[in-house]
Every structure is written in C-alpha cells, then in structure tokens.
Amino acid sequence: MEYLIFPILFMLHDFEEIIWGHPWLKRNVSSLQVPKFIKRMLVAVANLSSKQFTLIVLEEFICCILISLCAFWGRGKWLFLGNDWVYLALYYACCAVHIY
C-alpha cells in the first residue's frame, strides 16, 4: 500500500499546480525577486501553454507510476531513494530546453 502513497500525493500536488500555480506564475513572473538564472527558468515555465504544462505533468506522472510499480513488484524500496533526484533532473532538463 505504501507504494501508492507517492503517486497519489504527487498527483494531488500537481493538480494544484495545474489549477492555481501555473496561472499565478503567468501573472506574477515579472514581479518576482529571484536570481537571474531562476528567473529565466520561471519565465520559460510561465510561457508554456496550459496544454504543454499538463503534458509535462503527465509525463512525470507516468514515470512516477512506473517507478512505483517496479518497486512494488520487485519489493525494492531502493527505487524510491533515487526517485526525487530523477524528477529534479527531468524538471531542470525541461526548463533548459525551453530557455535555450
């Protein structure tokens, strides 16, 4: 059962980002006081359409489900140790593609 908690919490968090976070970022990205390299990433994410943003979330959710299923079937909780690093790398890779 613990293998289902991560995908469920992941989707609850990302539904919130799709519904409120992305529109808020679009409205407020110009007024945020952050370092320049972070600002470039935020501008790139803010310039995505809602459909593009949702597809990115879907891709991450599919990866999350696959990792959870592998951990469940293989009884390998070690897969969850690297899970956060994989998502972090995917996020920055997607941002870098849109910036450059």
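Just above, that's the structure.
Cut-offs and rules
- Residues numbered from 1 in each chain as written.
- Predicted model: local features only at pLDDT ≥ 70, side-chain atom pairs only at ≥ 80, totals over all residues.
- Heavy atoms only, no water.
- Disulfide = S-S within 2.5 Å.
- Core = buried A, V, L, I, M, F, W, Y, C linked by side-chain atoms within 4.5 Å.
- Buried < 20%, exposed > 50% of the residue type's maximum accessible area, 1.4 Å probe, protein only.
- Contact = heavy atoms within 4.5 Å.
- Helix = DSSP H or I, 4+ residues; strand = E, 2+ residues; numbered from the N terminus.
- Polar contact = N/O pair within 3.5 Å; in protein donor to acceptor, adjacent residues only side chain to side chain.
- Phe/Tyr/Trp six-rings, centres within 6.5 Å; stacked < 30°, edge-to-face > 60°.

1. A word on the state of the cysteines
1) Next: Inspection of the entire model under this criterion finds zero disulfides.
2) Next: With no disulfide of its own, Cys64 lies closest to Cys63 among cysteine sulfurs, the gap being 8.7 Å.

2. Details of the nonpolar core
1) Next: In terms of nonpolar packing, the biggest core is built from nine residues, these being Leu25, Val29, Leu42, Val45, Ala46, Leu48, Phe53, Ile56 and Val57.
2) Next: With residues up to four places along the chain from it excluded, the contact list for Phe53 reads Glu17, Ile18, His22, Val45 and Leu48.

3. Focus on the side chain of His22
1) Next: Within the secondary structure, His22 is located in helix H1 (residues 2-28).
2) Next: Separated by 3.4 Å, the side chain of His22 and the backbone oxygen of Leu48 make a polar contact.

4. Notes on the packing of aromatic side chains
1) Next: Counted under the stated rule, the structure contains one aromatic pair.
2) Next: Taken together, a centroid distance of 6.3 Å and an interplanar angle of 10° make the contact between Phe10 and Phe61 stacked. On the criterion of sequence distance, the pair formed by Phe10 in helix H1 and Phe61 in helix H3 (residues 50-74) is long-range, its members being 51 residues apart.
3) Next: Given a relative accessible area of 11%, Phe10 falls into the buried group.

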